[in-house]
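Residues per chain are reported as follows:
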Amino acid sequence: MAYVLRFVQRFRAKDEAAFMALEAQFAALERRKGWPEGRRSRPFAGREPANTLVWECELKTLAEVNQALATLGRDPGHARLLRRQIPYFLEAWTEIYEVLEFPEARRARRRRAS
């Protein structure tokens, strides 16, 4: 069973340029360290305001989710960047979603792919 790990960060709109510059450094750190490469998005329409950044990645097991969280939590480079980014936060939270797979949908995807 797969899981989606999400970090949701609402930042002060007036500080968007500085916030996003730091986020670009987080993306570079992910690539350098070989961590799960997250997908970043922001709301275009919906409940959350546009000054929200969502980072998410899919991991195969809950153990991998916990390992990713532990890796980020103990990395000094990540901690330094986070300390610089936190002053721009209005709020931030972590979400973990279970990916639902229904056998009928999986079979239909396989048929369309062939």
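Refer to the structure printed above.
To start, this report covers the structure provided alongside it.

Rules used throughout
- Residues numbered from 1 in each chain as written.
- Predicted model: local features only at pLDDT ≥ 70, side-chain atom pairs only at ≥ 80, totals over all residues.
- Heavy atoms only, no water.
- Pairing = 2+ DSSP bridges.
- Helix = DSSP H or I, 4+ residues; strand = E, 2+ residues; numbered from the N terminus.
- Axes fitted to C-alpha atoms, helices over the stretch in contact; angles between N-to-C directions.
- Contact = heavy atoms within 4.5 Å.
- Buried < 20%, exposed > 50% of the residue type's maximum accessible area, 1.4 Å probe, protein only.

What follows deals with the sheet that holds strand β3 (residues 52-59). Strand order in the open sheet made by the four strands is β2-β3-β1-β4, with antiparallel pairing throughout. Each edge of the open sheet carries a strand with a single partner, namely β2 (39-41) and β4 (89-98). Averaged over all neighbouring strand pairs, the angle between strand axes comes to 15°, with direction disregarded. As paired strands, strand β1 (residues 3-11) and β4 are joined by nine bridges and run antiparallel to one another. Across the sheet, residue Val-8 finds its bridge partner in β4, namely Trp-93. The sheet strands contacting helix α1 (residues 16-33) are β1, β2, β3 and β4, and the helix crosses β1 at an angle near 155°. Running at roughly 40° to β1, helix α2 (residues 62-74) makes contact with β1, β3 and β4 of the sheet.

With that settled, consider the environment of Ser-41. Turning to its location among the elements, Ser-41 is positioned in strand β2. When its relative accessible area of 31% is taken as the criterion, Ser-41 is described as partly exposed. Distance in space between the C-alpha atoms of Ser-41 and Asp-15 is 17 Å, their sequence separation being 26 residues. Excluding residues that lie within four positions of it along the chain, Ser-41 makes contacts with Thr-52, Leu-53 and Val-54.

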